[in-house]
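# Results of the structural survey
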Amino acid sequence: MRLSRYFLPVLKETPSEAQIASHRLMLRAGMIKQASAGIYSWLPMGFKVLKKIEAIVHEEQIRAGHIPMLMPTLQSADLWRESGRYDDYGEEMLRITDRHGRDMLYGPTNEELITDIFRSHVGSYKDLPLTLYHIQWKFRDEIRPRFGVMRGREFYMKDGYNFDTDYNSAIHAYNRHMVSYLRTYERMGLKAIPMRADSGPIGGDDTHEFLVLADTGESEVFYDSAILDLTFGDRQVNFDDRAECTAIVKEWTTPYARTDETHDEALFAQIPEDRRKTSRGIEVGQIFYFGTKYSEPMGAVVTNDKGERVPVHMGSHGIGVSRLVGAIIEASHDENGIIWPEGVTPFHCGIVNLKQGDTAADAACAGLYKALVEKGLEPLYDDREERAGAKFATMDLIGLPWRITVGPRGLKNGVVELTCRRTGESEEMTPEAAVAKVAEIYASHHTAGHWEPMAKSSFHTWL
Ligand code: ATP
Ligand code: MG
C-alpha cells in the first residue's frame, strides 16, 4: 500500500478523552473513531489488525477441531425466557421491541441460541462430541464504557460452545480450549496467563480467565512468577488425545495464578516470597464448563450408548477479539507509539523515502516494494511529500516492526537502512539484503507456528 493512496487519519494532538495508552494510540494512529459511547467505527488500519487477530483465532480453533459458523446479533427474547436469563441479565442487555411488538435483544452472548440449534438437530451421542463457534459482534450496555475498545458496549467476540455426552468428555473439551487459547495468544505476541476465576452470570463450576499483565488492567491478579517462564512454542498437539491436552493444562495451571475473586492468601503464602507477584491484568478470554445448566431447562438431550435420554454437558469459551487490539498495544508500545508484534502487524514493513521525487530514491523504493510483495509480504510505502522527521514520527506511531529507509546519500554507496521498531537499532545494507532479512524474520515466525500468511491460512482453505 502506498500511504498517499491509503486512509490513515493520524491525529497530531493527543485526544483528551483517552485515559490509557492503547486508547490514545488507537485514536492517534487513525485506527478507530468513536461513533457513540462505547461504539466505534474501525478505520482501515484498525480493521486490518482486527482481521489479523480474527484470522489467528479462526486458524487455532480449526486446528483444535472446532467448527466455525455464524449466528445473528439480534435474538428473540423467548429463548432467554426458557433459560431463565431474560430477567437475570439485568440492564446490560439491550432490549428491543420490533414493529409487531415482539421482544428482541442484541445478543450479549449466545448460549441460548446455540442450545436451540443443537436441540433442533442433534439427538444421539453418536453425533458427539461437537464444538461450534462463531466470531460475531456482541452488545452489553456497560454502565461505564471506557478505555476505547477495551470496554466497549459493542464488541467483537469469539464464542464457542461444546456439547458432550458426559463429564469426562466435556472436561476434555475444556482442556482442548485452554490448549488452543495458549497457542492463539502466543501467536499474537502476548503472554496471557490462565487464572482460576469466578463464573459470574454464565454460571458453572470450572472456569479460567486469560489475563495479560498490564498496569491499566481492570482485574487484580495474584501469581507465581514461575508461570512467566512457560512458553507454548510450536508444539504439535493431537487435540483428540485427552492425556496430552490434560498434561499441557496441568503444566499451565500448576503455578499459582488467580484473580482477586478466587484468590487464596494461605495458598499464595506457600510460594517462595521472591516469586509471589501481585499485578493488574486485562481479561482477554475466558473458558467455562457449566454442565447441564442450559441443556436441562431447554431440553437439549441426547440418547446415550445405554439408550437413556440425558441432557448434554456443555461449556462456553470466549475470546475478546476487539479488546485484544487494545490489550496488545497496552503490552507493546513506547512513548513514540505502538510496537506491533510480527503476528498481527497491519503491514509487515514500512518503506520511507527520504527524498520523494529523486529519481534514484523513487526507483529504489519501487524496487523494494516489488521485492517485498514477491516474498508474500505487505509493505506500507510512505511516498508522501513530507519531511523525513514527519515520516519517521508516523512510522513510529503506527508501529510497524520493520522499516526500510531510502535516501539519495545511502544509495550512492548502494545501501538502505533497516530499522527495528522495538529496539530502535538500524543497520545499513544493500536493498536486496534488507528484503532478504525481513522475509527471513517473517518466515521464521511462520515455521515457528507463530505466523501464517492470511492467504494460506487454514481458515481460508477450510471455507
Ligand atoms: P468483563 O469481566 O471484562 O466485563 P466478562 O467476563 O463479562 O468481561 P465474558 O462473558 O467472559 O466477559 O466474555 C468473553 C471475553 O469478551 C472477555 O474475556 C473479554 O475479553 C471480552 N469482553 C467482555 N466484555 C467486553 C466489553 N465490554 N468490551 C470489549 N470486550 C469485552
Ligand atoms: Mg469473563
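Per an unreviewed UniProt entry, the recorded name for the protein is Proline--tRNA ligase, and the organism is Rhodovulum adriaticum. Per UniProt, the protein has the following entry under Subunit (unreviewed entry): "Homodimer." Taken verbatim from the UniProt record of the protein, the Sequence similarities (unreviewed entry) comment is "Belongs to the class-II aminoacyl-tRNA synthetase family. ProS type 2 subfamily."

### Side note on the sheet that holds strand S21 (residues 402-406)
Reading across from one edge, S20-S19-S21-S22-S23 is the order of the five strands in this open sheet, with mixed pairing throughout. Two strands lie at the open edges of the sheet, namely strand S20 (379-382) and strand S23 (426-429), each paired on one side alone. Going from strand to strand, the sheet's axes swing by 20 degrees on average, the running direction of each strand aside. Here five bridges tie strand S19 (residues 349-353) to S21, and the two strands are oriented parallel to one another. Across the sheet, the residue bridging to Ile351 is Ile404, located in S21. Contacts between helix H11 (residues 359-374) and the sheet are confined to S19, S20, S21 and strand S22 (416-420), with S19 contributing the most and set at about 170 degrees to the helix. Contacts from helix H12 (residues 388-398) reach S19, S20 and S21, with the element oriented near 170 degrees to S19.

### Structural notes on the packing of helix H2 (residues 44-63) against helix H10 (residues 321-331)
Between two packed helices, what matters for the description is the angle formed by their axes and the separation of those axes. One way to put it is that H2 packs onto H10 with a least axis distance of 9 Å and a crossing angle of 115 degrees. Of the possible angle classes, the one that applies to H2 and H10 is roughly perpendicular. With respect to the hand of their crossing, H2 and H10 are arranged in right-handed fashion. Seen from H2, the contacting residues are Val49, Leu50, Ile53, Glu54 and Val57; seen from H10, they are Val321, Ser322, Leu324, Val325 and Ile328. Split into classes, the residues belonging to the contact of H2 with H10 amount to eight nonpolar, one polar and one charged.

### Considerations on the coordination of the magnesium ion (ligand 2)
The coordination sphere of the magnesium ion (ligand 2) contains the protein donors Glu283 (OE) and Gln286 (OE1), at a distance range of 1.9 to 2.2 Å. Relative accessible area serves as the criterion here: at 10%, Gln286 is assigned to the buried category.

### Considering the site of ligand 1
Near ligand 1, the surroundings consist of 14 residues, among which Arg140, Glu142, Arg151, Gly152 and Glu283 are the closest. In this structure, an oxygen atom belonging to ligand 1 sits 2.9 Å away from a side-chain N or O atom of Arg140. A distance of 3.1 Å separates an oxygen atom of ligand 1 from a polar side-chain atom of Gln286. Here ligand 1 loses 84% of its free accessible area of 580 Å² to cover by the protein chains. Given that more than half its atoms are within 2 Å of the pocket grid, ligand 1 belongs to the largest pocket. For the shell around ligand 1, the secondary structure elements donating two or more residues are strand S8 (154-164) and strand S13 (276-291). When residues of the shell around ligand 1 are assigned to their parent elements, the largest contribution, four residues, is made by S13.

### Description of empty space enclosed by the protein
Scanning the entire structure with this criterion turns up two cavities of 30 Å³ or more. Within this model, the largest cavity holds a volume of roughly 60 Å³. Ile39, Tyr40, Trp42, Trp137, Val149, Glu154, Phe155 and Ser322 are the residues that line the largest cavity. Counting residues per element, the ones that place at least two in the lining of the largest cavity are strand S2 (39-42) and S8. Sort the elements by how many residues they give to the lining of the largest cavity and S2 lands first, with three residues. Split into classes, the residues belonging to the lining of the largest cavity amount to six nonpolar, one polar and one charged. By volume, the second largest cavity amounts to about 30 Å³. If you trace the second largest cavity, you find it lined by Lys191, Ala192, Ile193, Pro194, Ile227, Leu228 and Trp252. Of the residues that constitute the lining of the second largest cavity, the class distribution is six nonpolar, no polar and one charged.

### Section: the packing of helix H1 (residues 21-28) against H10
Viewed as axis vectors pointing N to C, H1 and H10 meet at an angle of 110 degrees, and their least axial separation amounts to 8 Å. It follows that H1 is roughly perpendicular to H10 by the angle criterion. When H1 is examined against H10, the residues Ala21, Ser22, Leu25 and Met26 are found in contact with a partner set consisting of Val325, Gly326, Ile329 and Glu330. Looking at side-chain class alone, the contact of H1 with H10 contains five nonpolar, two polar and one charged residues.

Rules of the game
Residues numbered from 1 in each chain as written. Chains lettered and ligands numbered in written order. Predicted model: local features only at pLDDT ≥ 70, side-chain atom pairs only at ≥ 80, totals over all residues. Heavy atoms only, no water. UniProt positions renumbered as here; feature names shortened; annotations may be inferred. Pairing = 2+ DSSP bridges. Helix = DSSP H or I, 4+ residues; strand = E, 2+ residues; numbered from the N terminus. Axes fitted to C-alpha atoms, helices over the stretch in contact; angles between N-to-C directions. Contact = heavy atoms within 4.5 Å. Parallel < 35°, antiparallel > 145°, perpendicular 65-115°, else oblique. Left-handed = near helix turned anticlockwise from the far one by under 90°. Nonpolar A, V, L, I, M, F, W, Y, C, P; charged D, E, K, R; others polar. Donors = N, O, S within 2.8 Å, 3.2 Å for Na, K, Ca; no water. Buried < 20%, exposed > 50% of the residue type's maximum accessible area, 1.4 Å probe, protein only. Near = heavy atom within 4 Å. Polar contact = N/O pair within 3.5 Å; in protein donor to acceptor, adjacent residues only side chain to side chain. Areas by Shrake-Rupley, 256 points an atom, 1.4 Å probe, with all protein chains shown as cover. 1 Å grid on protein atoms, 1.4 Å probe; cavity = no way out; pocket = protein on both sides within 12 Å on 5 of 7 lines; lining within 4 Å. Sits in = over half its atoms within 2 Å of the grid points. Points joined across faces, edges and corners; volume = space filled by probe spheres on them.

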